[in-house]
Amino acid sequence: MFSKILIANRGEIALRIIRACKELNIRTVAVYSEIDKDAMHVRMADAAVCIGTPPAANSYLNIPSIISAAEITDVEAIHPGYGFLAENAHFAEICESCQIKFIGPTPESIRLMGDKMAARENMRKAGLPVTPGSTTVIKAKEEALRIAHRVGYPVIIKAAAGGGGKGMRICHNDVRLISALMTAQAEAEASFGNPDVYIEKYIDEPRHIEFQIIADNYGRVIHLRERDCSIQRRHQKLIEESPCPALDSKLRKKMGEMAIRGAKAVNYHNIGTIEFLLDKKGDFYFMEMNTRVQVEHPVTELVTGIDIIKEQLKISSGEKLSIQQEDIEFKGHAIECRINAEDPQNQFAPCPGKIESLNFPGGPNVRVDSHIYQNYTVSPYYDSLLAKLIVHGRNRKEALSIMRRALDEFVIEPIKTTIPFHKQVLENQAFKDGKFSTHFVENLLKEKEVEE
Ligand code: MV4
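Residues numbered from 1 in each chain as written. Predicted model: local features only at pLDDT ≥ 70, side-chain atom pairs only at ≥ 80, totals over all residues. Heavy atoms only, no water.

Overall, parallel pairing links the five strands, which are arranged E3-E2-E1-E4-E5 in an open sheet. Since the sheet does not close on itself, it has two edges, and those belong to strand E3 (47-52) and strand E5 (101-102), each with one partner. (Pairing = 2+ DSSP bridges. Helix = DSSP H or I, 4+ residues; strand = E, 2+ residues; numbered from the N terminus.)

Structure, rendered in structure tokens:
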């Protein structure tokens, strides 16, 4: 096992990783930007190094600065958390070349899964279901039309360098397809520095279901079942839960087997997530693979009792996976609400500022992963996640009632947060019934507009 690592991140995930390290007797080095000098991750780590000015490009994305901090403090490994450098294959390579272990998969795996079209092609060859669509980059409009006519409208244009919905366009006819092709290419170029796009059959109102996998360096791969992440707004997830209310044991088994098969096919080592779309008929399709720890990993921890970060640290340091698929017990139901410094009354606009009054919920079966404290100032420089509220019940109904109770206890003032939005979702009948898709939030907000 490592004896000392650096955490190249901030906020709640930096704390989460520090906690896992403490339990494994690993010393920790935090890095921080000037504006984060009083941040909780700086206080909780054994040592801390300032790596630059507040803009992320100068600090949390500043590779020379982070590598220097790692060299000075003589760490054996770097944990990138999520966001920032977590899926940067170049950074993973630089770590390797400096004899610092990057806690994640190989640079090759990161690069392969970052190319959404290559990922799709590899998974298709491995026997996973993928949506019908192009197998190569779309160069000319004739090619776009040919594929659209083959798979049938509606279709969706996606960026090869992809992610986060950028460069995505849904098209219902030839005219729209041709105009969207140009704008999607321009947006892909602007967002990713790569104009390549491809086309897929569009799945209407799907559920977003993802499988957590753990793969060690010795070819052992297990999955920790699924999370339903359909409750999102503009590709930002707001609520996640496990198990998915729409899966029966047969479909769950099939999808889990496919997730494992996919990870094995690309020779994946480390923790990862395979994302699927599930349509209304119960057919599922591989969408993408995330090569990092995810924000919503705690819901899986609550239903399995497995500490995913500790398992990641163990396999990254070269230990063999000690858990077998048959040994994992899944218990009850877990739900997570993301508490962001955003105003749900004003299109979820970020609301940075000072927290003057704070009360975290407590009591049975409640977990809060957060870096905030009384008198902490939320800076406008980074993402607006303040806290993750995760609860565990014996079944979904109980988990929902615990969540409602915990949201009522949660006080963050005077800044605006997503807490009132979550209370509204919990009152919604379709949500209570587990009947929702990725369009749920959009529809809910539209209904509200009509009422007002
Ligand atoms: C899709 C889709 C429907 N059909 N692909 C959204 C982000 C990117 N990762 C892929 N996404 C989608 N791909 C096909 N063929 C619908 C979405 C999608 C979505 C997926 C998961 C969660 C939320 C979403 C919201 C809108 C669209």
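Having put the structure on the table, let's press on.
We now examine the side chain of Lys4. Mapping Lys4 onto the fold places it in strand E1 (residues 4-7). Buried charge without a salt bridge: Lys4, with Asp74 as the nearest opposite-charge side chain at an N-O distance of 6.4 Å. Discounting chain neighbours no more than four positions away, the residues touching Lys4 are Ile26, Arg27, Val29, Thr73, Asp74, Val75, Glu76 and Ala77. (Buried < 20%, exposed > 50% of the residue type's maximum accessible area, 1.4 Å probe, protein only. Lys, Arg positive; Asp, Glu negative; His and termini not counted. Salt bridge = Lys/Arg side-chain N within 4 Å of Asp/Glu carboxyl O. Contact = heavy atoms within 4.5 Å.)

Let's shift gears to the site of the ligand. Around the ligand, a shell composed of 15 residues is seen, among which Lys158, Glu200, Lys201, Ile203 and Glu288 lie nearest. Between a nitrogen atom of the ligand and a side-chain N or O atom of Glu200, the distance comes to 2.8 Å. Here Lys201 contributes a backbone N or O atom positioned 2.8 Å from a nitrogen atom of the ligand. Protein burial of the ligand: of its 520 Å² of free accessible surface, 91% is covered by the chains. Counting residues per element, the ones that place at least two in the shell around the ligand are strand E6 (155-159), strand E8 (197-201) and strand E13 (284-290). Of the domains in this structure, domain 2 (132-201) and domain 3 (207-451) are the two that each give at least three residues to the shell around the ligand. (Near = heavy atom within 4 Å. Polar contact = N/O pair within 3.5 Å; in protein donor to acceptor, adjacent residues only side chain to side chain. Areas by Shrake-Rupley, 256 points an atom, 1.4 Å probe, with all protein chains shown as cover. Domains from an automatic or database assignment.)

With that settled, consider helix H1 (residues 11-23). Side chains of residues three or four places apart in an α-helix project in the same direction, reflecting 3.6 residues per turn. With 13 residues, H1 should cover 18 Å at 1.5 Å per step; its first-to-last C-alpha distance of 19 Å lies within 8% of that length. Taken across its 13 residues, H1 has ten buried, putting it largely inside the fold. Just beyond H1, the residue with positive phi is Asn25, at close to 60°. (Expected span 1.5 Å × (residues − 1).)

Further remarks concern the domain arrangement of the chain. A common way to report how large an interface is uses the accessible area buried once the components associate. Partitioning the chain into structural domains gives domain 1 (4-103), domain 2 (132-201) and domain 3 (207-451). Each of domain 1 and domain 3 has a C-alpha centre, and these two points are 24 Å apart. On the domain 3 side, the residues contacting the 33 residues of domain 1 number 27 residues. Surface buried jointly by domain 1 and domain 3 totals about 2,400 Å² across both partners, of which 62% is contributed by carbon and sulfur atoms. Per-residue buried area on domain 1 facing domain 3 is highest for Glu12, Arg16 and Tyr82; these three make up 26% of the total on that side. On the surface where domain 1 and domain 3 come into contact, there are five salt bridges. The interface formed by domain 1 and domain 3 contains 14 residue pairs in polar contact (both at pLDDT 80 or more). Elements with a minimum of two residues in the side of domain 1 that touches domain 3: H1 and helix H2 (40-44). Within the side of domain 1 that touches domain 3, the residues separate by chemical class into 18 nonpolar, six polar and nine charged. (Buried area = accessible area lost by both parts, 1.4 Å probe. Nonpolar A, V, L, I, M, F, W, Y, C, P; charged D, E, K, R; others polar.)

In this structure, Pro154 follows Tyr153 across a cis peptide bond, with omega equal to -5°. Positionally, Pro154 belongs in the loop between helix H7 (141-151) and E6. Cis rather than trans, the peptide bond between Ser242 and Pro243 has omega equal to 0°. For Pro243, the position within the fold is in the loop between strand E11 (236-242) and helix H9 (249-265). A positive phi angle, near 50°, is found at Gln347, a position not held by glycine. Turning to its location among the elements, Gln347 is positioned in the loop between strand E15 (342-343) and strand E16 (349-350). Residue class for Gln347 comes out exposed when judged on its relative accessible area of 62%. Look at Asn375: it is not a glycine, yet its phi comes out positive at around 75°.

A few words on the layout of surface pockets. Of the volumes computed, that of the second largest pocket is approximately 220 Å³. Taken together, His223, Arg225, Ser249, Arg252, Lys253, Gly256, Glu257, Gln325, Ile328 and Phe330 make up the lining of the second largest pocket. Top contributing element to the lining of the second largest pocket by residue count: H9, with five residues. Taken together, the residues of the lining of the second largest pocket break down into two nonpolar, four polar and four charged. (1 Å grid on protein atoms, 1.4 Å probe; cavity = no way out; pocket = protein on both sides within 12 Å on 5 of 7 lines; lining within 4 Å. Points joined across faces, edges and corners; volume = space filled by probe spheres on them.)

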